[in-house]
Amino acid sequence: MTTDNATVSAQLASALDRIADPVSGEGLIASRRAGPPRFSDGVASVVLDVTGLSGNLRLMLETDIKAALGQVAGVEKVRVAMTAEKQNLRIIAIGSGKGGVGKSTLAANLAIALKKLGVKVGLVDADIYGPSQPRLMHVEGIKPRASESKKLEPVPTPYGVPLLSMGQLVKEGQAVAWRGPMASNAVGQLIDAEWGDIELIILDLPPGTGDIQLSMVQKHKPAGAVIISTPQDLSLMDATRAIDFLQHANVPLIGLVENMAGYACPHCGEISDPFGSGGAEAAAKAMELPFLGRIPLDIAIRKASDAGTPPAADDGDVDFAAIARKVKDWLGSN
Ligand code: ADP
């Protein structure tokens, strides 16, 4: 009986995936329009995500599914449940060619600066190598709860930006050995959570441009991405690798942020630039990339980050606010 059910389920899945998604043209399962069908006591059940589809298309799909699945031997009835969600949730990924360049710092501060501009924004920390957002956002040690629908509930932070982090799900160091699909499924749990009225998620990617990062952006399809780099890395072309990677994954590039761009003297505030100034902006131009702004190397940024009080939350912030305005403009026109 179990084997029979398994055989029928497999036949149902392939019948369902032979129907094309009206938006992407891929099979309904491949496009994640439908989940794998379930089968029990002669009844085949399909959950269909009809987000963005007109009433006519919904009806056509339902009719096609019932006809196709009804032909599988053993099936007496086909049920189609329609759900519509994730309406306006867009994702902006923050990536870097390598670690330690300030990617997490940018993700946290950009989220806060966007919130100050009135965007309903949440933060997802997918950095499996060093999930630092719970510390940065001052909610270290707080675990998210699961709602009745078994979805995670983002943790509120003092900055009005709810957070879900890999660091809240797994023990330190545990996720490092994960491969791409496993890591991106875990990120799926963080994205497919009870975000309420949130319209934008800032996604802090793991550093680098390998298989894990690729799997995450392919699966979760960010609306756009911001790359952060230090002036030195730009000359080393780490950023170029990150840009190639995004192009390969078909993710639009919003622009480049230069971090640790000059040294802010803790005594007099004067900014000196040991690597020469304007290099990153020039390099961005040469690569035909929008340049979103630069953040100086400033001990106050590291101290504030360690203390869980991100500088963007401060009234005096101008650097992150300027970057956030450009990102908001990009969102408005894309
Ligand atoms: P990544 O996410 O790229 O690994 P982080 O954001 O964790 O990098 O930053 C690495 C370290 O550098 C952290 O200690 C952070 O506080 C510090 N840092 C980041 N940007 C700056 C900056 N502009 N000035 C001073 N310290 C910074």
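Residues numbered from 1 in each chain as written. Predicted model: local features only at pLDDT ≥ 70, side-chain atom pairs only at ≥ 80, totals over all residues. Heavy atoms only, no water.

J.: Any chance you could explain the site of the ligand here in plain terms?
T.: Near the ligand lie 16 residues; those nearest to it are Gly100, Lys103, Ser104, Thr105 and Pro296. Within the backbone of Lys103, one N or O atom sits 2.8 Å away from an oxygen atom of the ligand. One of the backbone N or O atoms of Pro296 is found 2.8 Å from a nitrogen atom in the ligand. When the ligand is considered free in solution it has 560 Å² of accessible area, and contact with the protein chains removes 81% of it. Contributions of two or more residues to the shell around the ligand are made by α3 (103-116), β11 (253-264), β13 (291-297) and α11 (299-306). Residue composition of the shell around the ligand, by class: six nonpolar, seven polar and three charged. (Near = heavy atom within 4 Å. Polar contact = N/O pair within 3.5 Å; in protein donor to acceptor, adjacent residues only side chain to side chain. Areas by Shrake-Rupley, 256 points an atom, 1.4 Å probe, with all protein chains shown as cover. Helix = DSSP H or I, 4+ residues; strand = E, 2+ residues; numbered from the N terminus. Nonpolar A, V, L, I, M, F, W, Y, C, P; charged D, E, K, R; others polar.)

J.: How should the sheet that holds strand β2 (residues 43-49) be read in this particular structure?
T.: In any sheet, the strands associate via hydrogen bonds between backbone groups, in a parallel or an antiparallel arrangement. One open sheet holds the three strands; their spatial order is β1-β2-β3, and the pairing between them is mixed. Only two strands of the sheet have a single neighbouring strand rather than two, namely β1 (38-40) and β3 (77-83). Shown here is a sheet whose adjacent strand axes are inclined to one another by a mean of 20°, direction ignored. Where β1 meets β2, three bridges bridge the pair, whose relative direction is antiparallel. (Pairing = 2+ DSSP bridges. Axes fitted to C-alpha atoms, helices over the stretch in contact; angles between N-to-C directions.)

J.: I keep staring at the nonpolar core and nothing clicks. Help me out?
T.: A general feature of soluble globular proteins is that nonpolar side chains tend to end up buried together. With 40 residues, the main nonpolar core has Trp178 and Leu203 as its most contacted residues. Only β4 (90-96), α6 (180-191), β9 (200-204), α7 (211-220), β10 (224-229), α9 (238-248) and β11 provide two or more residues apiece to this core. Grouped together as the second largest cluster of nonpolar side chains are 37 residues, Ile94, Val101, Val155 and Val226 included. (Core = buried A, V, L, I, M, F, W, Y, C linked by side-chain atoms within 4.5 Å. Buried < 20%, exposed > 50% of the residue type's maximum accessible area, 1.4 Å probe, protein only.)

J.: Looking at this model, I keep getting lost on the confidence of the model for the chain. Mind explaining?
T.: Low pLDDT marks stretches whose predicted atomic positions should not be read closely. Residues with a pLDDT of 70 or more make up 94% of the chain, whose mean pLDDT is 88. Of all the helices and strands in the chain, helix α8 (residues 231-236) carries the lowest mean pLDDT, 65, while α3 carries the highest, 98. (pLDDT = per-residue confidence, 0-100.)

J.: Would you mind going over the pairing of β13 with me for this structure?
T.: Regular strands place their side chains on alternate faces of the sheet. Burial analysis of β13 places five of its seven residues in the buried class, which makes it a mostly covered element. Pairing geometry for β11 and β13, over five bridges, is parallel. Along β13, the bridge assignment pairs Tyr263 with Leu297.

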